[in-house]
Protein chains: 4
Amino acid sequence: MPLRMLTAGESHGRGLVATVEGLPAGLTVDVDYLDRHLSRRQAGYGRGGRMQIERDRAEILSGLMGGTTIAAPVSVLVWNRDWRLEEPPLTRPRPGHADLVGAQKYRFDDVRRPLERASARETAARVAGGSLARRLLEDFGIRIFSHVVQLGGVDATMFPDSFEALESAAEASDLRCADVDAAARMKREIDAAKTRGDTLGGVVEVIAIGVPPGLGTYVHWDRRLDGRLAQALMSVHAIKGVAVGDAFRIAATPGSAAHDEILYDDQRTFHRETNRAGGLEAGITNGMPLVMRAAMKPISTLRNPLRSVDIRTKEDSPGAIVRSDVTAVPAAGVVCEAMASLVLADTFLEKFGADVMADIHESYERYMTRLRG
Amino acid sequence: MPLRMLTAGESHGRGLVATVEGLPAGLTVDVDYLDRHLSRRQAGYGRGGRMQIERDRAEILSGLMGGTTIAAPVSVLVWNRDWRLEEPPLTRPRPGHADLVGAQKYRFDDVRRPLERASARETAARVAGGSLARRLLEDFGIRIFSHVVQLGGVDATMFPDSFEALESAAEASDLRCADVDAAARMKREIDAAKTRGDTLGGVVEVIAIGVPPGLGTYVHWDRRLDGRLAQALMSVHAIKGVAVGDAFRIAATPGSAAHDEILYDDQRTFHRETNRAGGLEAGITNGMPLVMRAAMKPISTLRNPLRSVDIRTKEDSPGAIVRSDVTAVPAAGVVCEAMASLVLADTFLEKFGADVMADIHESYERYMTRLRG
Amino acid sequence: MPLRMLTAGESHGRGLVATVEGLPAGLTVDVDYLDRHLSRRQAGYGRGGRMQIERDRAEILSGLMGGTTIAAPVSVLVWNRDWRLEEPPLTRPRPGHADLVGAQKYRFDDVRRPLERASARETAARVAGGSLARRLLEDFGIRIFSHVVQLGGVDATMFPDSFEALESAAEASDLRCADVDAAARMKREIDAAKTRGDTLGGVVEVIAIGVPPGLGTYVHWDRRLDGRLAQALMSVHAIKGVAVGDAFRIAATPGSAAHDEILYDDQRTFHRETNRAGGLEAGITNGMPLVMRAAMKPISTLRNPLRSVDIRTKEDSPGAIVRSDVTAVPAAGVVCEAMASLVLADTFLEKFGADVMADIHESYERYMTRLRG
Amino acid sequence: MPLRMLTAGESHGRGLVATVEGLPAGLTVDVDYLDRHLSRRQAGYGRGGRMQIERDRAEILSGLMGGTTIAAPVSVLVWNRDWRLEEPPLTRPRPGHADLVGAQKYRFDDVRRPLERASARETAARVAGGSLARRLLEDFGIRIFSHVVQLGGVDATMFPDSFEALESAAEASDLRCADVDAAARMKREIDAAKTRGDTLGGVVEVIAIGVPPGLGTYVHWDRRLDGRLAQALMSVHAIKGVAVGDAFRIAATPGSAAHDEILYDDQRTFHRETNRAGGLEAGITNGMPLVMRAAMKPISTLRNPLRSVDIRTKEDSPGAIVRSDVTAVPAAGVVCEAMASLVLADTFLEKFGADVMADIHESYERYMTRLRG
């Protein structure tokens, strides 16, 4: 699989770095583009103090000459402003976080060690790296966005008709929620949770439009695009569930109403009037918008902490309090976009070659022409 | 990652083969054990005719001497009885299946070509191969089973108190459903769907008990166990959604009630009284039972077919009818068990070494003793 | 990397199986083609009795319909005729073989366990699988062959002028040696070694002609084609050294005479009059013939055995005698061809796409046209 | 395979970064240790001007707390002092370098683009990253060093008796050559080559002592340690040949004198009196010193340039002159050490677990005790 990304960096270390290896030559990349997505990740009603401290900026260390990629690995640095080398040890693990399991696995007697790497601060590196993949996809008319469909138990239900309007509405909302009424109720939930020292989860939907049919494949289990996307989204901090389309609802629907009938139109193209499959059949994109949902549990760090046990003294003591947000659901959408971009770009390069943008464009155009054949 | 599995074989080819590479030496494997799980995959109310034709038997071709592994790749053959070399071409793609997208991607003008490899028949190879991983896990007291929690829109709600009873009840049910009343209603749904030429989906829950804390890790996104399990389960035919624990419900729960408080007991062990996390925190097992759910869409082949288009003539024509089942939700549970076994065994070998069972046992025992430290 | 191959099987087990995953759809494969290469592997002056027992035949289990690939994994079975389920234990490890190290690593007290999988019998599976890759390359005018350049200390020095003649001469020789005089002396060495119960090594050269420029890349260390070929050849049983071109001689040559000057000709093509680079510059093919050498140590099983120690009693006792050959250098050439084919096909599919032969042909032709631009 | 390394950075970009993912927790790492090896890479008689400009310093960005690893990715920055953002295009490719093939593959019309990433400057990142692996190995008593056995056609022939003395002599030599007389003659060759604008190649030997038996395995072709080391060494810039031990000489030796007889001693250990196998049998370490050789071609950039063709005008014009060295054979030894360290550490972690140093030490000690059993 052509594209690899390694991230490095801790929450209060000097900074983060994402290295993306496998990008073709000839892709134009502007650091402002990366900054814009880093900034989208930092927004969102319900974020705490750190978002004020960090104003993430990407620094591209390598892989570009004259503003375009040269097929070499692109590494992006994001420095931490809130950088503290040494802190007193923390011994009261927070339920739901890596604190206890990390300490057990790695023989740590200070939960700062697992905490530092397990922190969602790392997602800034994912967004930086994933934005490179997103840039590539955009060159082929693929757009990726996300919106919040549930937060604090409040469902968004009123959506604009078009994807364009949906994206605009989501971008205009400080909760990334396209349903204005629902967003207002979500904010009341956030305010209430803040008051009682609690946190909230929710569900985001990631949508990719303009995806050609034929990405991914059914020929081997680990090549299926649905599986690869599921891994990528599930790997985002606090994401515990992933669905293609509205899978858990479709599971309760009879087959006669669960699939998308196949039609053929004047433009000599197969198409569908529904998208129950969420754009994926048998692990392959079918040309319809790719729609995935990710369920996020509430943040594990509560101002009003849960019961826990000191890992040194073994005495009952509440989980540590680390500065945190009430909810990060909108931000998780942006991170999910980045991870979906990485996986999609990877399968795109598998299909159309991965050396140089001009060649890839030719392969892509020929393929699209053939499909219309 | 130490363990690799490749499967090969088509639905109506000569047979299937799974090759599992990376198993340690010294694991006792009995072919009856594989056959038992192959047979569990074939059971289930609502299966069609093919299950009567095929009585899958595993043939172990390699990797064993004297009934134990020698660290060499183990390959398992499952012959197809229903083997037909050549069939007339099929040109009416079934919505929801690989038929159309496969034909588009691979330039096929006969949807038998994608159909043959995309068929769920391939899951017999997965179960054969995954059972080797399951055997390994059992040696360390890890048990994996599944049960149906929803089918045809009917929810199972009454569960036995203990996991042992839950497993027994699921195994005793021809729907793998531990709730007898729900199972009866599910059967009525199956009968009704059969009558009207329809199909049904549902939700299975896969549970692994006896899993030690510390499998998987948060240190890099693609090493997280939740993500790897999500890929593995999502890769199963017709699975469209995956959740750790009851993730979509937890997403709507405030943080104060969404995590598992940490306690310490007389046996000098950390433990929890709840398992909202489904046994995974920060992508690592936490010692609680590992619980995952998978949502299966209804089978794409309907006796009363959906609208489609002939890929040669481009004329409207209903999707092809291929012999099929009304539902395969119970079977999907067995396949999900196999896939979860593979991933769990892989992370187990990463943690404790992968050369020889005796060494791995020593590492495991030392680790468990250290945790109780 | 698109192409994966797993092999399974032991020397005296039921048989071998190679599964090749990642082949595009639309490649015509004939089982006779595989048999021909299996047979080439079995030929060679100096082979012992087993070659008479086994007449390897490939059985294609999966991945073909109507004689062409369908993008599904192709698995090939090669049954062992000389199949013995149980044998008395062997406790005297042969120096140079896996016997002792395998027993130490895997806690075996019978060196048959490491011996069975470590045996060069496994190379039959590699040749079967690698021949699928070779077929693919041939469709693009790439031919791969090998010849023996040294055996038993005798160097071949007189080579035909053209690669075609070189290949023909090698194929015509029962030592795969194009230098008839040298071959006669090699045979005398073989006869003498046989008489004294000894074994012989040598050096083979693997040549690929018709390779386009641009396979492999310098952009990351593990993507370099020279490194990937080196791994593949070094992984062949008893191969201990690998060179691109005549690397060890070039290392002693000044730079002014060690590189291939760049010229441009009437056909609007860059070319070279020399090929000191062996067809690879900076880990990328440069359009010249790809030339690699592999040094093979003498076979480890000697009829006149070396000193060893019984692993149970710890007493001095000569290494076990297992039926074996005097030399297998010609066969190693065929195995190296198979491994080189796999790696080359893999990089070929990375560059030109991996879905379907017709698309790959179009990408390839466009690229070749562009180079002539 | 537990350990991954990605490097990024160009020759005249802002800097280089190596990210090493998969290191266990609890490894003590000192930045001076990395600097020492970076400095060893820069030394060597025959290096040109750049070595005076760059005094590489490692900056550890992540993965350490309190001077020890926390199982998180460790990223190391090495800034370029000789940093030039934009340069006039270069259109005359140097034979032997990536210039032409890179331009062809990636559609570049300026050979600075391939040159920048293909430059051996990148090896600084490999040494930085590989030194982390080396640190890990040292904790288990494994030492890795290299020495020059041939340079400019001059063979080193007089070696100290012990590995300790060999290492000391190599470290004391500004050619990393333990044979003082040979080194003097090598320098005369370097001086002569410099005078005539030429370059020189040679052969280095990399040695690892203290390696336990049982790293790597014969069970599958891509798990063999010899193959993985071959890839790693061959991937080093200008390395064109790799041998385990003195493989090309052994290939000409009869089997009776080509293997290492097995003995058993008072310390209840199997051992050998010879090391013709170079420490590897069947792709597994056998407890003897691991010895590998790498053949380096002369540097491709000649002050007295070779014939070439302008890629834009297609007119004959000599290859570009870029500041360069006469020879980099001693430096290549240090880079080969780094690459061998990476591969060895990877197999070490596969065998003994990869989570935390304390656990790995216990597994290792138990294994070594068992071997003496």
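What counts and what doesn't
- Residues numbered from 1 in each chain as written.
- Chains lettered and ligands numbered in written order.
- Predicted model: local features only at pLDDT ≥ 70, side-chain atom pairs only at ≥ 80, totals over all residues.
- Heavy atoms only, no water.
- Helix = DSSP H or I, 4+ residues; strand = E, 2+ residues; numbered from the N terminus.
- Rg over C-alpha atoms; globule rule 2.2 N^0.38 Å.
- Contact = heavy atoms within 4.5 Å.
- Lys, Arg positive; Asp, Glu negative; His and termini not counted.
- Charge placed at Lys NZ, Arg CZ, Asp CG, Glu CD.
- Buried < 20%, exposed > 50% of the residue type's maximum accessible area, 1.4 Å probe, protein only.
- Salt bridge = Lys/Arg side-chain N within 4 Å of Asp/Glu carboxyl O.
- Polar contact = N/O pair within 3.5 Å; in protein donor to acceptor, adjacent residues only side chain to side chain.
- Least-squares fit on C-alpha atoms with pLDDT ≥ 70 in both.
- Expected span 1.5 Å × (residues − 1).
- Phe/Tyr/Trp six-rings, centres within 6.5 Å; stacked < 30°, edge-to-face > 60°.
- Pairing = 2+ DSSP bridges.
- Buried area = accessible area lost by both parts, 1.4 Å probe.
- Axes fitted to C-alpha atoms, helices over the stretch in contact; angles between N-to-C directions.
- Left-handed = near helix turned anticlockwise from the far one by under 90°.
- Nonpolar A, V, L, I, M, F, W, Y, C, P; charged D, E, K, R; others polar.
- Parallel < 35°, antiparallel > 145°, perpendicular 65-115°, else oblique.
- pLDDT = per-residue confidence, 0-100.

Draft legend 1. Representation of the overall build of chain A in the model. Helix and strand counts for chain A stand at 11 helices and 16 strands. Relative to a compact globule of 373 residues, whose C-alpha radius of gyration would be 21 Å, chain A shows 21 Å and is just as compact. Taking the contacts inside chain A whose residues are at least 6 apart along the sequence as the reference set, 71% of them involve residues at least 24 apart. Charged side chains of chain A number 48 positive and 50 negative; the gap between the two group centres comes to 4 Å.

Draft legend 2. The arrangement of the side chain of Asp260 of chain D in detail. In this fold, Asp260 of chain D is placed in the loop between helix H9 (247-250) and strand S12 (263-264). Within the buried set, Asp260 of chain D has no salt-bridge partner at all; the shortest N-O distance to an opposite charge, 4.6 Å, is to Arg276 of chain D. Here the side chain of Asp260 of chain D touches Ala277 of chain D through a polar contact of 2.9 Å, landing on its backbone nitrogen. Those residues in contact with Asp260 of chain D, other than ones at most four positions away along the chain, are Pro95 of chain C together with Arg272, Thr274, Asn275, Arg276 and Ala277 of chain D.

Draft legend 3. Examining the relation of the copies chain D and chain C more closely. Of the two same-sequence chains, chain D is brought onto chain C (RMSD 0.0 Å, axial shift 0.0 Å) by a rotation of 180°. The superposition operator between the copies reduces to a two-fold rotation axis. When you check the interface residues of chain D against chain C, 100% turn up at the interface there too, and the contact is symmetric in its surfaces.

Draft legend 4. Examining the pattern of salt bridges more closely. Inspection of the entire model under this criterion finds 140 salt bridges over all chains. A salt bridge links Asp56 of chain A to Arg121 of chain A; the nearest nitrogen and oxygen atoms lie 2.8 Å apart. Highlighted residues: Asp56 of chain A in the loop between helix H2 (50-53) and strand S4 (58-60) and Arg121 of chain A in the loop between helix H4 (112-118) and helix H5 (123-138), separated in sequence by 65 residues. Taking the relative accessible area as the measure of exposure, Arg121 of chain A reaches 6% and is therefore buried. Across the salt bridge formed by Arg135 of chain B and Asp139 of chain B, the nearest N and O atoms sit 3.2 Å from each other. Judged by its relative accessible area of 12%, Arg135 of chain B is buried. Of the residues examined, Asp139 of chain B reaches a relative accessible area of 31% and is grouped as partly exposed. Several salt bridges converge on common partners, so that one network encompasses Arg40, Arg134, Glu171, Arg176 and Glu337 of chain A.

Draft legend 5. Molecular detail of the environment of Thr68 of chain B. In this fold, Thr68 of chain B is placed in strand S6 (residues 68-70). Looking at Thr68 of chain B, the relative accessible area reads 19%, which means it is buried. Aside from chain neighbours lying at most four places away, what touches Thr68 of chain B is Gly26, Leu27, Thr28 and Gly63 of chain B together with Arg113 of chain C.

Draft legend 6. Seen up close, helix H1 (residues 31-42) of chain B. Residue and element names in this part refer to chain B. Relative to the 16 Å expected for 12 residues at 1.5 Å per residue, H1 spans 17 Å between its end C-alpha atoms, a close match to the ideal helical length. Regarding H1, the residues found buried are Tyr33, Leu34, Asp35, His37, Leu38, Arg40, Arg41 and Gln42. Residue Asp30 occupies the N-cap position of H1, its side-chain oxygen lying 3.0 Å from the main-chain nitrogen of Asp32. Once H1 ends, the next one or two residues include Gly44, with phi positive near 125°.

Draft legend 7. Spatial organisation of the packing of aromatic side chains. By the definition in use, this model includes 38 aromatic pairs over all chains. A ring pair is formed by Phe352 of chain A and Tyr364 of chain A, whose centres lie 5.5 Å apart and whose planes are at 85°; its orientation type is edge-to-face. In this pair, Phe352 of chain A is assigned in helix H10 (residues 329-352) and Tyr364 of chain A in helix H11 (residues 357-372), connecting sequence segments 12 residues apart. On the basis of relative accessible area, Tyr364 of chain A is assigned to the buried category, the value being 9%. Centroid distance Phe348 of chain C to Tyr364 of chain C: 5.6 Å. Interplanar angle 35°. Geometry classified as tilted.

Draft legend 8. Representation of the pairing of strand S16 (residues 290-296) of chain A. Residue and element names in this part refer to chain A. Among the 7 residues that make up S16, 7 are buried, leaving the element largely enclosed by the rest of the structure. Burial along S16 is two-sided: Leu290, Met292, Ala294 and Met296 facing one way and Val291, Arg293 and Ala295 facing the other are all buried. Relative to S16, strand S10 (residues 202-209) is paired through 7 bridges, and the arrangement is antiparallel. Opposite Gly202, over in S16, you have Met296 as the bridge partner. Of the strand pairs in this sheet, strand S11 (residues 239-244) and S16 are connected by 5 bridges, and their pairing is antiparallel. If you follow Gly241 over to S16, its bridge partner there is Ala295.

Draft legend 9. The interface of chain D and chain C, seen in detail. In this complex, chain D contributes 101 residues to the contact, which on the side of chain C involves 101 residues. Per-residue buried area on chain D facing chain C is highest for Tyr218, Trp221 and Lys240 of chain D; these three make up 10% of the total on that side. Inspection of the region where chain D meets chain C yields 2 salt bridges. Notably, a salt bridge pairs Arg307 of chain C with Glu261 of chain D, separated by 3.1 Å at the nearest N-O pair. Inspection of the chain D/chain C interface yields 40 residue pairs in polar contact (both at pLDDT 80 or more).

Draft legend 10. Looking closely at the sheet that holds strand S6 (residues 68-70) of chain C. Residue and element names in this part refer to chain C. As summarised here, the arrangement of the 3 strands in space is S3-S6-S5, forming an open sheet in which the pairing is antiparallel. Where the open sheet ends on each side, the last strands, each with one partner, are strand S3 (25-28) and strand S5 (64-65). In terms of strand pairing, S5 meets S6 through 2 bridges, oriented antiparallel. When the sheet's bridge partners are listed, Leu64 is paired in S6 with Thr69.

Draft legend 11. Looking closely at unusual backbone geometry. Notably, Lys314 of chain C is not glycine yet its phi reads approximately 65°, a positive angle. Checked against the element boundaries, Lys314 of chain C lands in the loop between strand S16 (290-296) and helix H10 (329-352). In this structure, Ala238 of chain D is a non-glycine residue whose phi angle is positive, near 75°. Structurally, the position occupied by Ala238 of chain D is in the loop between helix H8 (225-234) and strand S11 (239-244).

Draft legend 12. View of the packing of H8 of chain D against helix H10 (residues 329-352) of chain D. Residue and element names in this part refer to chain D. Remark: H8 packs on H10, axes separated minimally by 9 Å, with the N-to-C direction vectors making an angle of 150°. Where H8 crosses over H10, the handedness of that crossing is right-handed. Within the contact between the two elements, H8 uses Leu225, Arg228, Leu229, Ala232 and Leu233 and H10 uses Cys336, Met339, Ala340, Val343, Leu344, Asp346, Thr347 and Glu350. In terms of residue class, the contact of H8 with H10 is made up of 9 nonpolar, 1 polar and 3 charged.

Draft legend 13. Focus on helix H8 (residues 225-234) of chain B. Of all 10 residues that make up H8 of chain B, 10 are buried, and the element is covered over most of its length. Along H8 of chain B, the residues that are buried comprise Leu225, Asp226, Gly227, Arg228, Leu229, Ala230, Gln231, Ala232, Leu233 and Met234 of chain B.

Draft legend 14. Summary view of the interface of chain A and chain B. Counting residues at the interface gives 102 residues for chain A and 101 residues for chain B. Contact between chain A and chain B buries roughly 8400 Å² in total, counting both sides, with carbon and sulfur atoms accounting for 61%. Ranking the residues of chain A by area buried against chain B places Tyr218, Trp221 and Lys240 of chain A at the top, with a combined share of 10%. For the interface between chain A and chain B, the tally reads 2 salt bridges. Counting across the chain A and chain B interface gives 40 residue pairs in polar contact (both at pLDDT 80 or more). In terms of residue count, the dominant contributor to the side of chain A that touches chain B is helix H8 (residues 225-234) of chain A (7 residues). Among the residues making up the side of chain A that touches chain B, the classes are represented as 51 nonpolar, 28 polar and 23 charged.

Draft legend 15. Local environment of the relation of the copies chain A and chain B. Laying chain A over chain B is done by rotating through 180° and shifting 0.0 Å along the axis; what remains is an RMSD of 0.0 Å. In this assembly the copies share their binding face: 99% of the residues contributing to the interface of chain A also contribute to that of chain B.

Draft legend 16. Broad picture of the sheet that holds strand S4 (residues 58-60) of chain B. All names here are of chain B. A sheet is described by the order of its strands in space; here 4 strands give the open sequence S1-S2-S7-S4, paired in antiparallel fashion. Strand pairing shows two members of the sheet lacking a second neighbour, strand S1 (4-9) and S4, which therefore form its edges. Shown here is a sheet whose adjacent strand axes are inclined to one another by a mean of 20°, direction ignored. When S4 meets strand S7 (residues 74-79), the two strands line up antiparallel, connected through 3 bridges. Residue pairing for S7: Ile60 is matched across the bridge by Val76.

Draft legend 17. Structural view of the packing of H8 of chain A against H8 of chain B. It is the contact of H8 of chain A with H8 of chain B, at a shortest axis distance of 7 Å, that shows an interaxial angle of 160°. As the angle between them shows, H8 of chain A and H8 of chain B are arranged roughly antiparallel. The crossing of H8 of chain A and H8 of chain B is right-handed. Here Asp226, Gly227, Arg228, Ala230, Gln231 and Met234 of chain A of H8 of chain A come into contact with H8 of chain B, specifically with Asp226, Gly227, Arg228, Ala230, Gln231 and Met234 of chain B.

Draft legend 18. Fine view of the confidence of the model for chain A. Summing up the model confidence of chain A, the mean pLDDT is 95 and the portion of residues at 70 or higher is 98%. Among the prediction metrics, the complex's ipTM stands at 0.97, with pTM recorded as 0.97.

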